[in-house]
Amino acid sequence: MTDPRKIEVFSPETLSAAVQVLAEVGSEAHILAGGTDLMVALEKGFWQPKGFVLNISRIEPELRYIRMEDGDVCMGALTTFADIARSDLLNTEAPSLVAAAREIGAQQIQNRATIGGNIMNASPAGDSMPPLLALDARVVLKSNEGPRTLPLFSFYPAYRETVSQPSELLTEVRIARRDSPTQDYFRKVAPRRAQAISKVILAARAWNVEETEEGPRIGSIRLGVGSVAPTPLRLFETERLLEKAVLTPSLMGAAGHMLETEISPIDDMRSTAEYRRQVCRRLLDDFLSNLLLES
Amino acid sequence: MKITFELNGALTTVDSPPLARFLDVLRDTLGLTATKEGCGEGECGTCSILVDGEVVNACLLPAIQVFGRSVETLESLSDPAGPLSKLQESLLATDGAQCGICTPGMVMAGTAFLRQLKATGAQPCDRSIRQAIAGNLCRCTGYSKIIEGIKMAAAQGTPQESAHD
Amino acid sequence: MNPKIVGTRVPRDDGRQKVTGESLYVDDIDIPGMIYGTTVRSPVASAKVVSVDWDEGYDWTGIVRVTAKDIPGENSLPLLIDDQKILADRRILHMHEPIALLACSDPTRLREARGHVRLRYKSQPMVSQIEDSLEAEVKVFGADNVFKDIQISKGDPATILPKCHHRLEESYITGHQEHLYLEPQGMIGAWQDGVLTLTGSLQCPYYVHKAMKAVFGLKDDEVRVNQAVTGGGFGGKEEYPSLLAAHVALLARKSGTPVKMVYERAEDMCATTKRHPSEVTIHGGVDEDGHLLALDVDVVLDGGAYCTLSPVVLSRAVLHAISAYRCDHVAVRGRVVATNTPPNGAFRGFGAPQTIFAMERMMDLIAETVGISPAEVRCRNHLQNGDSTATGQILQQGVSAGAVLQKALDASDFHSKWEAYQGSHSNRNRRGIGIALFMHGCGFTGHGERDLKSRAALRLFLDPQGKPRAQVLASTTDIGQGMRTTFRQIAAETLGIAFEQVELAPANTAGVPNSGPTVASRTCMVVGGLVAEAGKGCLQELGFSGTTSEVELAAALASTGAVTCEREYEPPPGLVWDDKNYRGSAYPTYGFGCTICEVEVDAVTFETRILDVVTCQDVGRAIHPSIVEGQIEGGTVQALGFAGFEKVVMHDGTMRNHDVSNYVIPTAADIAPIRVLIHEEPYSGGPFGAKGIGEMPMDGGAPAYVAAVSQAAGVSFQQVPILAEDVFAELLKKKAVKRS
Ligand SMILES: Cc1cc2nc3c(=O)[nH]c(=O)nc-3n(C[C@H](O)[C@H](O)[C@H](O)COP(=O)(O)OP(=O)(O)OC[C@H]3O[C@@H](n4cnc5c(N)ncnc54)[C@H](O)[C@@H]3O)c2cc1C
Ligand code: FES
Ligand code: FES
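All values reported here derive from a predicted model rather than from experimental measurement.

Each value, and the rule that gives it
Residues numbered from 1 in each chain as written. Chains lettered and ligands numbered in written order. Predicted model: local features only at pLDDT ≥ 70, side-chain atom pairs only at ≥ 80, totals over all residues. Heavy atoms only, no water. Salt bridge = Lys/Arg side-chain N within 4 Å of Asp/Glu carboxyl O. Helix = DSSP H or I, 4+ residues; strand = E, 2+ residues; numbered from the N terminus. Buried < 20%, exposed > 50% of the residue type's maximum accessible area, 1.4 Å probe, protein only. Disulfide = S-S within 2.5 Å. Pairing = 2+ DSSP bridges. Contact = heavy atoms within 4.5 Å. Buried area = accessible area lost by both parts, 1.4 Å probe.

Draft legend 1. Spatial organisation of the pattern of salt bridges. Residue and element names in this part refer to chain C. A complete count under the given rule lists 85 salt bridges over all chains for this structure. A salt bridge links Arg 450 to Asp 451; its shortest N-O distance comes to 3.4 Å. Note that Arg 621 is salt-bridged to Glu 680, the shortest N-O span being 3.7 Å. Here Glu 680 lies in the loop between strand E27 (674-679) and helix H18 (697-713) and Arg 621 lies in the loop between strand E24 (608-618) and helix H17 (625-644), a separation of 59 residues in the sequence. Under the relative-accessibility criterion, Arg 621 is labelled partly exposed at 23%.

Draft legend 2. Local environment of the state of the cysteines. All names here are of chain C. Considering all chains together, one arrives at zero disulfides over all chains under this definition. A disulfide-free cysteine, Cys 327 has its sulfur positioned 8.3 Å from the sulfur of Cys 164, the nearest such atom. Overall, the relative accessible area of 3% leaves Cys 327 in the buried class.

Draft legend 3. Representation of the sheet that holds strand E3 (residues 52-55) of chain A. Residues and elements named next belong to chain A. Strand order in the open sheet made by the three strands is E1-E3-E2, with parallel pairing throughout. Looking at which strands have only one partner, the edges of the open sheet turn out to be strand E1 (9-10) and strand E2 (29-32). Note that E1 and E3 share two bridges and pair parallel. Across the sheet, residue Val 9 finds its bridge partner in E3, namely Val 53.

Draft legend 4. Up close: the interface of chain C and chain B. Every contact between the two is made by 54 residues of chain C and, on the other side, 45 residues of chain B. With both chains or domains summed, chain C and chain B bury close to 3700 Å², and 54% of this area falls on carbon and sulfur atoms. A per-residue breakdown of the area chain C buries against chain B is headed by Arg 16, Val 19 and Leu 182 of chain C, which together make up 20% of the total. Along the contact surface separating chain C from chain B lie seven salt bridges. Lys 145 of chain B serves as the salt-bridge partner of Glu 633 of chain C, at 3.5 Å between the closest nitrogen and oxygen. Among the secondary structure elements, those contributing two or more residues to the side of chain C that touches chain B are helix H1 (15-20) and H17 of chain C.

These results come straight from atomic positions and should not be treated as a statement about function.
Here is the structure:
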């Protein structure tokens, strides 16, 4: 056994060089961004890299930004959660993502952890994915053959897997600029207020909530959840029930019921399936009842 | 491999495996033992250092990523027998260090926070201080005296100073 | 005379080194030629060892290997009884039990080599918890799995209880707690010319000294134990370091080089001692007004696989079972039993937090049953001067239970908040406030101090500038509690010289007398007392009856030369203890405290947020107010962790959540400011009136927190920890939340 810490590391200075390397020997490459997941895995022996490591941290000039482009808010893959937490643009456009960023780890982690790493690490407990799902985010993967953009909801086929290919690098996350009024929600339930792994996460966005005779009516809605299924999950069926519908107590009950059929929480050393299921449902209730109050 | 960076103001080159923990480079290769290891998994903050002015955990930092960066460790804040930094003085005054194993990390996280306050001219409150050191566990003090120390140090930095800094 | 140094906030003795990072902890120390050691541990909880083999395909050059066969004498670690093996040889009794040791100059190879040791074993049935242990179908220890059984009785509870107006019964459970000192266990061992030198992170140099003498058949001066700066102990570095010392000494002996072993965090969490889990059942009888008439308490502690200090922990547990209350008819039975889990050991509070938790929850139950407030039931029942404890000790003076209770009630605005939160469960987020009153016996139990014959000394001399200086000689260690500072204050005040003119000799067994272990809140009160007495002795030897001017002192020293005075502990007059029947003076004195905690329970997620904590504690005399506050704040937060955050998930005899991510201690963001009120009811037997203060802060946090959560949630909890999942499950059971 060779010492994994002595493994060969390639640190390209440009995005095109990185993509070129992946094109040639992508299946042997381990991509290293902020290292907050990988270094823990290395220390604990969960990650035993073979081949070589592709350190992308020096492509910062090309991959660390938060900017508007073609009506989208775009974040480079090396954008840190500290960047997100202090971004005025995101505070306006994606308050739930900003809220999530501020609750990730603590300052030391936020300064290093990247959004690309969070997405690619594919943990069901990753905090940025539920808000990104609720914000209809798309991710951009780049290979030698060019970029492809796909919605985040189609990104996680199974537990800790993504549809990204070894020849691809995640380069960007895009969120459509909000063009009509929204109400946003983020709540992370965790054993403590910092440095904590989520037990349940719900992020939500509702567009165009209007007051009607019978109650508020939701224009459209997106719901993203974490730690309650093998992957980060968008709740399509629950959204469908709520979309364009008037929020009545019975609809809220039905939505909660639907949520329970969509998620599949488990018992583990951090929490119980029952708690996760009920609390996830209650978070949805909390979001919806606040819509009732606010509209 | 050879990695060159700025360490406490001086250009430094070390020969280290690329994925070695920078914590080990500091402690074992360079003999700078003020930075501690409490957990090795990014949770406790005893290994906090500043990289380009931002507080990070040295146990999660691959050596190769300090290349070309500026690193500050606790050793940079004072010389043996020389004057202490404001925060160090304040922590001494409020008795913020009991067993002391968390103290180096606390001082570094606190220093980053105080510089940020100075840069923005913001006033610290109990909540923002608690947030700033939430990545630094302390098992001895219950945090109160550390928070008092940071408050005391913040009160000494005058807003005028921050405007020109 | 008004003290000038005692009672002031002088700068901490080791403060500068700590804020600059100059303090050297074990892992910071490098000795020429030193190599690194590691421990190969058992992967099963209960088994017969068939063999320990070395993978033949592996290249072992440069790796030193040690098994039980390398132990020169008896394979047992001397403590109370010698049941614990240094390395398992025939039987394995718990997960992660040490079975072999390795050392190598390259830490990476060392880690790798660990995977090439083959243990062959036959699994045996295991006992994982108290119930199974009591059944004793599977035997872990002796014929009945009971390490120790203690009974206390006073009056006639069997007759009185059935006649009481209200009779109550409830059982209470507390879980393991991990010390999580932020510096893991570590030790360096080296042999030179037949002398073994150990330098480690430890609380009790003389424990290690004694154990090593026995293990290696050495004489007093053939073992030297130095304390490195120690990054937290909380009891976890009381008895455990002796095992680590034996391990590094064995490796150093075989390799012929110094060996350093520092545990990895996960290893430390899995393998080392924890707080004893407890099950306490209380039968209580009260009159119509809630006055305690009779109590019958059954205490069972889970000792884990080996005895360690469990009998002594049990002793303190039963002696604190009635806590700060007056009751004439009392029966307490305590047992500590064996299970196939890693041995439990000393942890701040030493058994008292467990029984006090139970008794405090019982007091709340009484209040509820009788229809009075939790504050009122405590006002009616707390101990007063002249009352007797469960062991029949008459507390003639210094009982401050009423005073601390009142101060805490006032400062927290308990009455109006409790009223306001009572029954108003309609709000979104519900609030609750809880109270705990407690006492803590200072120093060792019973004859402990007398038998120990602790000694400490002071040397008074002239420095080259002709100024008088003093050196304190004691084996007591500073583990963050500030003893280096308080001892200097006590010495300086007694001698009438400046704080700066007193220094401490290093805590090294070769150079200082045995002042006993750094445990049981005895440091300041008992050893500090010896320092004060030694100081008076020095002055007497120089012909002074009390403090004098520096000029006179210098003159006397110039003519007499340096003086050294050593003092041995003498029990205060009238302290009689009958260890057979558990009657008499269990402790020379008691500290009293009251903690009040206010919380909010989130109506959506069942998470608890701490809003306010007030604690008033009687410390006798605060030698150094901020050190005292620091002890109280830190201990209270540890207690809140015990109550609301820290759950050891023990599964098949192993701690599953053995990392700092999953064993959750509070961060700064989780804790409200702790409001500390110091009460001073001086104790004549302590230096300047000081009582013990190290452990008492651990006693009140858990019951106060649980009472507050119970009020907020509208259901009563009888266990710790309580996590959001527990609040949820309990409300579900009570149908207070809807299940869909
Ligand atoms: C103490 C601590 C606390 C934490 N708290 C939280 C928390 O509260 N919430 C949370 O969600 N997470 C948390 N994390 C996890 C971690 O910080 C995040 O997942 C982080 O976003 C990972 O980013 P990184 O840049 O550090 O990733 P790395 O560790 O560098 O990489 C993670 C994975 O992503 C891959 N990868 C990274 N970038 C790319 C890319 N551009 N293209 C393709 N693949 C890529 C890597 O190959 C690797 O598999 C915590 C971690 C620690 C140590
Ligand atoms: S050692 Fe780096 S965070 Fe604990
Ligand atoms: S002072 Fe000991 S851990 Fe903070």
